[in-house]
Amino acid sequence: MNRAAVAIFLALVCSGCPKRLDFGPRGRITQPEELFRLTREAQDVTATLQGDGKLRVESPQGTGTVSVFLAASRPGLLRVEMFDFFNRPIAVLVTDGQRFGLLQFQENKFYQGPATPQNLSRFLPLALPSEELVSVMLGRVPFIPAERMTLGVDDKEALYVLTLVRGGVSQVLHIHPRHLRVVRSEVQGARTYALEYGRFEPQGDAVFPHQVTLRAASADTSLGLRYTDVTLNEAPDLTLFDLSAPEGVSVVEVDEGGQALPPVALPPAAPGS
């Protein structure tokens, strides 16, 4: 067998080999409660984010990729600006966790009202609370409140496998053994979404994922966010979360279910005014 054939043979053999488990200086963790605590602490390091990225949406309504500017601050402050291929603005969403404002440039309308999942789905094709949207964009995984936990290791992927169980619902977390960040989260027994994080890079005191994929099987929808330039844990610019309607656009007030409310009649002017 010549040298090239040997190299190909070895590559094929090694492709099926398990990856090397690197547990880092802490060593292997054997208690599920300890791994859960350390994983939660690792992802809670990031509190604010600001930067640019690409957002890809795949849904029954269509598929496409847009450029985005994002600013997020826990627990519920969020601003997302979308731009088309020619860098023209498409829409701007702002929420403080209680109220939301959505500027649709093509319609020249500004929608505002309670920040319910139904209202936020006007912007993204998924009904999620603003706190969960902020968490996902900050690289954090919402955990179910577990009654018990089990811990194993996936030797092939070289990841911890931590399973949280509550009643008939379980959440399976694949966790990087060195930097203790969730790589993949899947919930079974409930209608929710799966998360995948990738492109982990050191940034300040944190290891931050620059790529996130959210998949909602029940809605046949996925969102893929890839950060191209991002800063973490800087003091948030609160002007970015101003909910005031811009001048020159029609304002539409909506209720919790997203239905437009009738315009508020102004009181008649006082005599002589």
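Our subject is the structure that appears above.
None of the values given here were measured: they were computed from a predicted structure.

Definitions and limits used
- Residues numbered from 1 in each chain as written.
- Predicted model: local features only at pLDDT ≥ 70, side-chain atom pairs only at ≥ 80, totals over all residues.
- Heavy atoms only, no water.
- Helix = DSSP H or I, 4+ residues; strand = E, 2+ residues; numbered from the N terminus.
- Buried < 20%, exposed > 50% of the residue type's maximum accessible area, 1.4 Å probe, protein only.
- Contact = heavy atoms within 4.5 Å.
- 1 Å grid on protein atoms, 1.4 Å probe; cavity = no way out; pocket = protein on both sides within 12 Å on 5 of 7 lines; lining within 4 Å.
- Points joined across faces, edges and corners; volume = space filled by probe spheres on them.
- Nonpolar A, V, L, I, M, F, W, Y, C, P; charged D, E, K, R; others polar.
- Salt bridge = Lys/Arg side-chain N within 4 Å of Asp/Glu carboxyl O.
- Expected span 1.5 Å × (residues − 1).

S.K.: How should the side chain of Gln112 be read in this particular structure?
M.R.: Looking at the element boundaries, Gln112 is found in strand E6 (residues 109-114). The class of Gln112 is buried, set by a relative accessible area of 19%. Discounting chain neighbours no more than four positions away, the residues touching Gln112 are Arg99, Phe100, Gly101, Leu243, Val251, Val252, Glu253 and Val254.

S.K.: I keep staring at the layout of surface pockets and nothing clicks. Help me out?
M.R.: Summary: where empty space remains is shown by rolling a probe the size of a single water molecule over the atoms. Volume-wise, the largest pocket comes out at about 300 Å³. Those elements that provide at least two residues to the lining of the largest pocket are strand E1 (48-59), strand E2 (62-73) and strand E4 (89-95). Looking at the lining of the largest pocket element by element, the count peaks at four residues for E2. Across the lining of the largest pocket, the residue classes tally to eight nonpolar, six polar and one charged. Within this model, the second largest pocket holds a volume of roughly 170 Å³.

S.K.: Hey, could you run me through the pattern of salt bridges in this one?
M.R.: Side chains that differ in charge, positive against negative, can pair when their charged atoms come close. One pass over the structure, following the stated rule, counts nine salt bridges. Residue Asp44 pairs with Arg140 through a salt bridge whose shortest N-O separation is 2.7 Å. In this pair, Asp44 sits in the loop between helix H2 (32-43) and E1 while Arg140 sits in the loop between helix H4 (130-137) and strand E7 (148-154), placing the two residues 96 residues apart along the sequence. In this structure Asp44 comes out as partly exposed when scored by relative accessible area, which is 28%. Arg140 sits in the buried class, given a relative accessible area of 16%.

S.K.: Any chance you could explain the side chain of Ser59 here in plain terms?
M.R.: Secondary-structure assignment places Ser59 in strand E1. By relative accessible area, which is 14% here, Ser59 ends up buried. If sequence neighbours within four positions are ignored, Ser59 has contacts with Asp220 and Thr221.

S.K.: What should I look at first to understand H2 in this one?
M.R.: When the terminal C-alpha atoms of H2 are compared, their 17 Å separation across twelve residues agrees well with the 16 Å that a helix rising 1.5 Å per residue should span. Pro32, Leu35, Phe36, Leu38, Thr39 and Gln43 are the residues of H2 that are buried. Among the structural elements, E7, strand E8 (159-166), strand E9 (169-175) and strand E10 (182-188) are those in contact with the buried residues of H2.

Geometric descriptors of this kind do not, in isolation, establish any biological role.
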